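Examination of the molecular architecture
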Amino acid sequence: MTGRFISLEGGEGVGKSTQARLFAAALRERGVEVVETREPGGSPGAEAIRALLLQGEAERWTARTEALLFAAARADHVARTIRPALAADKWVVCDRFLDSSLAYQGGADGLGEDLIRALHAIGSEGFLPDRTLLLALPEAVAMEREAIRDAGRPDRFGARDPEYHRKVTATFRRLADAEPARWRIIDASGEADMVTPRLVESVSEWL
Ligand SMILES: Nc1ncnc2c1ncn2[C@@H]1O[C@H](COP(=O)(O)OP(=O)(O)OP(=O)(O)O)[C@@H](O)[C@H]1O
Ligand SMILES: Cc1cn([C@H]2C[C@H](O)[C@@H](COP(=O)(O)O)O2)c(=O)[nH]c1=O
């Protein structure tokens, strides 16, 4: 079976990590060999950069420094984990990828799409997923899930104000609308095991 690269995207608390796990399990049940991974992270070097990005004071990095760190982590992740898995005809299910940089650094931080794509061209030769699944959930539901999970201790990005996160969500929507061949918008409401079949359906042409 040909390898496929699928990314899951969306704002905080919409269920990406939960669905990445359940989606990978559902694909395995269908005989697909799956590598589950995430960003920032997914290779030893990129996981080290993840700690730099998510821990510490809110003002630890400028937006430009963060964009460079995400692009550097992604370059290592693509070279060491994603490309080798695809070359071995495995599927890669990735919790966030380039589109998170476009939404957070490009959109909410105001760096713009062109700058983020330029960094991605340098770091990862512009490498893109075959399909990107945008998990869509009303803001209030996502915030409630996130608050329960984080128990008052969000990371540097989760701690940003609601207006920042609204810009993230709006940018994801704009990206999805602009590139319908790659993106699918998935209703992420309801019990987790009711959401997973919607993800499977969105890649059914490859199964
Ligand atoms: N369908 C669901 N119904 C209820 N709770 C859910 C559902 N999916 C996930 N959760 C819970 O909501 C919280 C957030 O889910 P998860 O960590 O998967 O989201 P995420 O999109 O990866 O978030 P982030 O980007 O902030 O890391 C977790 O505590 C998870 O157990
Ligand atoms: C890949 C990527 C991530 N971010 C932000 C978004 C999240 O707040 C964190 C990652 O935390 P998660 O619990 O693993 O979702 O990092 C970003 O701003 N830009 C990116 O490219």
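Residues numbered from 1 in each chain as written. Chains lettered and ligands numbered in written order. Predicted model: local features only at pLDDT ≥ 70, side-chain atom pairs only at ≥ 80, totals over all residues. Heavy atoms only, no water.

Details of the packing of aromatic side chains
Using the criterion set out here, one finds seven aromatic pairs in the structure. With a centroid separation of 4.9 Å and an interplanar angle of 85 degrees, the aromatic rings of Phe5 and Phe97 are classed as edge-to-face. In this pair, Phe5 sits in strand E1 (residues 5–9) while Phe97 sits in the loop between strand E3 (91–95) and helix H4 (98–108), placing the two residues 92 residues apart along the sequence. Here Phe97 falls in the buried class, since its relative accessible area comes to 0%. (Phe/Tyr/Trp six-rings, centres within 6.5 Å; stacked < 30°, edge-to-face > 60°. Helix = DSSP H or I, 4+ residues; strand = E, 2+ residues; numbered from the N terminus. Buried < 20%, exposed > 50% of the residue type's maximum accessible area, 1.4 Å probe, protein only.)

Observations regarding the packing of helix H3 (residues 63–87) against H4
Here H3 crosses H4 at 175 degrees, and the two axes come no closer than 11 Å. On the basis of the axis angle, H3 is roughly antiparallel to H4. Contacts between H3 and H4 involve Ala63, Glu66, Ala67, Phe70 and Arg74 on the former and, on the latter, Leu98, Ser101 and Gln105. (Axes fitted to C-alpha atoms, helices over the stretch in contact; angles between N-to-C directions. Parallel < 35°, antiparallel > 145°, perpendicular 65-115°, else oblique. Contact = heavy atoms within 4.5 Å.)

A few points about H4
Taking burial as the measure, the 11 residues of H4 include 10 buried ones, the bulk of the element. Listed as buried for H4 are Leu98, Asp99, Ser100, Ser101, Leu102, Ala103, Tyr104, Gln105, Gly106 and Ala108. Next to the buried residues of H4 lie E1, H3, helix H5 (113–124), strand E4 (131–136), helix H7 (162–178) and strand E5 (183–187). After H4 finishes, the residue Gly110 shows a positive phi value of roughly 80 degrees.

Comments concerning the site of ligand 1
Around ligand 1, a shell composed of 14 residues is seen, among which Lys16, Ser17, Thr18, Arg149 and Gly190 lie nearest. Within the backbone of Val14, an N or O atom sits 3.2 Å from an oxygen atom of ligand 1. Separating an oxygen atom of ligand 1 from a side-chain N or O atom of Ser17 is a distance of 2.7 Å. Contact with the protein chains removes 74% of the 640 Å² of surface that ligand 1 exposes when unbound. When each cavity is represented as a set of grid points, ligand 1 is found to reside in the largest pocket. Mapped onto the shell around ligand 1, the elements with two or more residues apiece are helix H1 (16–29) and helix H6 (139–150). For the shell around ligand 1, the element with the highest residue contribution is H1, accounting for three residues. (Near = heavy atom within 4 Å. Polar contact = N/O pair within 3.5 Å; in protein donor to acceptor, adjacent residues only side chain to side chain. Areas by Shrake-Rupley, 256 points an atom, 1.4 Å probe, with all protein chains shown as cover. 1 Å grid on protein atoms, 1.4 Å probe; cavity = no way out; pocket = protein on both sides within 12 Å on 5 of 7 lines; lining within 4 Å. Sits in = over half its atoms within 2 Å of the grid points.)

Quick word on the site of ligand 2
Around ligand 2, the surrounding shell holds 14 residues, and the nearest of these are Glu12, Arg74, Arg96, Ser101 and Gln105. The separation between an oxygen atom of ligand 2 and a polar side-chain atom of Glu12 is 2.7 Å. At 2.8 Å from a nitrogen atom of ligand 2 is found a side-chain nitrogen or oxygen belonging to Gln105. Protein contact buries 94% of the 480 Å² of open area that ligand 2 shows by itself. With respect to the detected pockets, ligand 2 is housed in the largest pocket. At the level of secondary structure, the elements contributing two or more residues to the shell around ligand 2 comprise helix H2 (44–54), H3 and H4.

Structural notes on the UniProt feature "binding site: ATP" (unreviewed entry) in the protein chain
Here the UniProt-annotated "binding site: ATP" (unreviewed entry) positions come out as Gly10, Gly11, Glu12, Gly13, Val14, Gly15, Lys16 and Ser17. As for the largest pocket, its lining draws on Glu12, Gly13, Val14, Gly15, Lys16 and Ser17 from among the annotated residues. With respect to the element layout, Gly15 can be found in the loop between E1 and H1. On the basis of relative accessibility, which here comes to 17%, the residue Gly15 falls in the buried class. What Gly15 contacts, discounting residues up to four positions off in sequence, is Leu135 and Arg145. Positionally, Ser17 belongs in helix H1. (UniProt positions renumbered as here; feature names shortened; annotations may be inferred.)

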